[in-house]
Amino acid sequence: MRELDDTDRLILQVLRKNARETIKGIAAQTNLARSTVRHRLQKLEDDEIITGYRVELKNASTSGFGAFLFLKLKKTPAIDLINEISSFPEVIRCYSLAGNPDLLVEVQAETPEALNEIRNRLSLNPVVSDLQTSLVLNRELDA
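Residues numbered from 1 in each chain as written. Predicted model: local features only at pLDDT ≥ 70, side-chain atom pairs only at ≥ 80, totals over all residues. Heavy atoms only, no water.

Visitor: Give me the pattern of salt bridges: which residues, what numbers.
Guide: Summed over the entire model, instances satisfying the criterion amount to five salt bridges. In this structure, the salt-bridge partner of R9 is D6, at a minimum N-O distance of 3.2 Å. Here R9 and its partner D6 are both found in helix α1 (residues 6-17), three residues apart, which amounts to about one turn of the helix. Using a relative accessible area of 40% as the deciding quantity, one classes R9 as partly exposed. For D6, a relative accessible area of 58% gives the class exposed. Taking the shortest distance from any N to any O, the salt bridge between R40 and D8 comes out at 2.9 Å. Taken together, the residues R40 in helix α3 (residues 34-46) and D8 in helix α1 connect sequence positions 32 residues apart. Sharing partners across several salt bridges, the network here consists of D5, D8 and R40. (Salt bridge = Lys/Arg side-chain N within 4 Å of Asp/Glu carboxyl O. Helix = DSSP H or I, 4+ residues; strand = E, 2+ residues; numbered from the N terminus. Buried < 20%, exposed > 50% of the residue type's maximum accessible area, 1.4 Å probe, protein only.)

Spelled out as structure tokens, the structure:
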């Protein structure tokens, strides 16, 4: 991966706030020419520094009940469990970790009952030996 310069960092900072920002908008916020922004974006994409743009849904980030589920497993890999986890629309991310716990699952549920239902279903999976939950109080930083 190539080294990012200050101009690349400025462009990426704008895109982190709004991935749908126009080239004109990026240029205005960074004091760069539109042609420079266009060229830099293409280079960032070609170099696979920018690998995609995403949409965050309001209810997935600002409403409901966020939690992190920490799962210890009896054995790995646990493909069936990962498939079950991915079937929940409330699951935002799932990470396999080195060490303890084995999995970290980020969940955003509409109600406490919905969050508890996910917890219950996962804890009943035969490969799960322990499940702990931490509720999210506030999102302090988005990358």
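Text resumes after the structure shown.
Visitor: Residue-level account of the nonpolar core, with values.
Guide: Counting residues in hydrophobic clusters, the biggest one holds 19 residues, and the most contacted among them are L69, L71, L73, L81, V107 and L122. Those elements that provide at least two residues to this core are β1 (65-73), α5 (79-86), β3 (103-109), α6 (112-123) and β4 (128-135). Ignoring sequence-local partners within four residues, the contact set of V107 consists of F65, G66, A67, L69, E90, V91, I92, L115 and I118. By size, the runner-up hydrophobic cluster in this structure holds eleven residues, among which are L15, I26, L44 and I50. (Core = buried A, V, L, I, M, F, W, Y, C linked by side-chain atoms within 4.5 Å. Contact = heavy atoms within 4.5 Å.)

Visitor: Residues and numbers for the confidence of the model for the chain, please.
Guide: Note: predicted coordinates in regions of low pLDDT should not be interpreted at a detailed level. Within the chain, residue pLDDT values average 88, and 92% of them lie at 70 or more. When mean pLDDT is compared element by element in the chain, β4 scores highest at 96, while helix α4 (residues 58-61) scores lowest at 48. (pLDDT = per-residue confidence, 0-100.)

Visitor: How would you summarise the packing of α1 against helix α2 (residues 23-30) if you had to cite specific residues and measurements?
Guide: Running from N to C, α1 and α2 point in directions that differ by 120°, and their axes come no closer than 10 Å. Considered as vectors, α1 and α2 are oriented oblique to each other. As α1 runs across α2, the sense of the crossing is right-handed. Contact residues: α1 offers L10, I11, V14 and L15, while α2 offers I26, Q29 and T30. Of the residues that constitute the contact of α1 with α2, the class distribution is five nonpolar, two polar and no charged. (Axes fitted to C-alpha atoms, helices over the stretch in contact; angles between N-to-C directions. Parallel < 35°, antiparallel > 145°, perpendicular 65-115°, else oblique. Left-handed = near helix turned anticlockwise from the far one by under 90°. Nonpolar A, V, L, I, M, F, W, Y, C, P; charged D, E, K, R; others polar.)

Visitor: A description of the environment of A114 should follow, citing residues and the corresponding values.
Guide: Residue position: A114 is located in helix α6. Residue A114 is classed as partly exposed on the basis of its relative accessible area, which comes to 22%.

Visitor: Before we move on, can you summarise α5 with the specific residues and values?
Guide: What α5 keeps buried is the set L81, E84 and I85. The buried residues of α5 all sit within an arc of 100° when viewed along its axis, so they share a single face. Every exposed residue of α5 that faces more than 90 degrees away from the buried side is listed here: I79, D80 and S86. Against β1, β2 (91-96), β3, α6 and β4 lie the buried residues of α5. (Arc of directions from axis to C-beta.)

Visitor: Account for the packing of α1 against α3, with residues named and values stated.
Guide: In a packed pair of helices, the relevant descriptors are the angle between the two axes and the axis-to-axis distance. Across the interface, α1 lies against α3 with an axial gap of 11 Å and an inter-helix angle of 85°. With respect to α3, the element α1 is oriented roughly perpendicular. Across the interface between the two elements, T7, D8, I11, L12 and L15 of α1 pack against V37, R40, L41 and L44 of α3. Split by residue class, the contact of α1 with α3 holds six nonpolar, one polar and two charged.

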